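# Analysis of the macromolecular model
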Amino acid sequence: AQSVSQHNHHVILSEAASLELGCNYSYGGTVNLFWYVQYPGQHLQLLLKYFSGDPLVKGIKGFEAEFIKSKFSFNLRKPSVQWSDTAEYFCAVNALIKAAGNKLTFGGGTRVLVKP
Amino acid sequence: DVKVTQSSRYLVKRTGEKVFLECVQDMDHENMFWYRQDPGLGLRLIYFSYDVKMKEKGDIPEGYSVSREKKERFSLILESASTNQTSMYLCASYQGRGYEQYFGPGTRLTVT
């Protein structure tokens, strides 16, 4: 079965600092990869996704993620965070095998607090 | 604009009560999902449905059932609520592989 690990449960940093959130998954075959964000009191929304092609994916609000197949990783980055980036971030994987169906497997989430 | 709605934002129920959580999507998606979200555990899949009247167990189906009588509506049922089912419940819908899931605002259920 596929699993997703996010390395940090909580991250606290100051505005303008750089952010990197780790995500590793367990499935060895072809995958679709996602980062979702949940701002306080709001819906989960898609930040970016990787299906194929360029392993460096750019998303909304200045975020990017790099898919490294050999490391089974899909780390999220932002070079300079803002107070408004305070949120919980979830990595998710959809393994492209019949048994996985259409379901996404989510990581445990990382709560990011950006101090003004 | 894509929309997934859930019947309640907050719900308080007593142990042993039967609880219904409703989810409606207006995107004509075939696939719908129920997750629960708990701190440190992320989103865990309870059940999903890939067509009307079709359902599949997710990772934590125990204590839950679902109903999908119409394409746009997917209901989660707690047959006999227990305190360990206190959680945030999220509904999502999804067109299929290659597309993103869209989430509802969530229902925060407290079972006392």
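Residues numbered from 1 in each chain as written. Chains lettered and ligands numbered in written order. Predicted model: local features only at pLDDT ≥ 70, side-chain atom pairs only at ≥ 80, totals over all residues. Heavy atoms only, no water.

Let's shift gears to the overall build of chain B. Each helix and strand in chain B was counted, giving 0 helices and 11 strands. Along chain B, helices and strands appear, N-terminal first, in the series β-β-β-β-β-β-β-β-β-β-β. Against the globule reference of 13 Å for 112 residues, chain B gives a C-alpha radius of gyration of 13 Å, in line with a compact fold. Along the longest, intermediate and shortest principal axes, the C-alpha atoms of chain B span 40 × 30 × 25 Å. Contacts in chain B between residues far apart in sequence, at least 24 positions, make up 54% of those at least 6 positions apart. A total accessible area of about 5,400 Å² is found for chain B, and carbon and sulfur atoms account for 47% of it. (Helix = DSSP H or I, 4+ residues; strand = E, 2+ residues; numbered from the N terminus. Rg over C-alpha atoms; globule rule 2.2 N^0.38 Å. Contact = heavy atoms within 4.5 Å. Areas by Shrake-Rupley, 256 points an atom, 1.4 Å probe, with all protein chains shown as cover.)

To continue, consider the environment of Ile77 of chain B. By the element assignment, Ile77 of chain B lies in strand 8 (residues 73–78). Excluding residues that lie within four positions of it along the chain, Ile77 of chain B makes contacts with Lys18, Val19, Phe20, Gly63, Tyr64, Ser65, Val66 and Ser67 of chain B.

Residues and elements named next belong to chain A. Within the largest apolar cluster, 29 residues are counted, with the highest numbers of intra-cluster contacts made by Trp35, Leu48, Phe74, Leu76 and Tyr89. A per-element tally of this core places strand 10 (residues 87–95) first, with 5 residues. When near neighbours in sequence (up to four residues on either side) are disregarded, Leu76 contacts Leu19, Glu20, Leu21, Trp35, Leu47, Leu48, Phe63, Glu64, Ala65 and Tyr89. (Core = buried A, V, L, I, M, F, W, Y, C linked by side-chain atoms within 4.5 Å. Buried < 20%, exposed > 50% of the residue type's maximum accessible area, 1.4 Å probe, protein only.)

Moving on, we come to the interface of chain A and chain B. Between chain A and chain B, the contact holds 25 residues from the first and 23 residues from the second. Contact between chain A and chain B buries roughly 1,900 Å² in total, counting both sides, with carbon and sulfur atoms accounting for 52%. Inspection of the chain A/chain B interface yields 0 salt bridges. Joining chain A to chain B, the criterion identifies 5 residue pairs in polar contact (both at pLDDT 80 or more). At the level of elements, strand 5 (31–38), strand 6 (44–50) and strand 10 of chain A are the ones that each hand at least two residues to the side of chain A that touches chain B. (Buried area = accessible area lost by both parts, 1.4 Å probe. Salt bridge = Lys/Arg side-chain N within 4 Å of Asp/Glu carboxyl O. Polar contact = N/O pair within 3.5 Å; in protein donor to acceptor, adjacent residues only side chain to side chain.)

Scanning the entire structure with this criterion turns up 11 salt bridges over all chains. For Lys18 of chain B, the salt bridge is made with Glu79 of chain B, and the minimal N-O distance between the two is 3.6 Å. Residue Lys18 of chain B is located in the loop between strand 2 (10–13) and strand 3 (19–25), and its partner Glu79 of chain B is located in the loop between strand 8 and strand 9 (87–94); the two are separated by 61 residues in the primary sequence. Classification of Lys18 of chain B as partly exposed rests on a relative accessible area of 45%. Overlapping salt bridges bring together Lys58, Glu64, Glu66 and Arg77 of chain A as one network.

No statement about biological role is implied by the geometric values presented.
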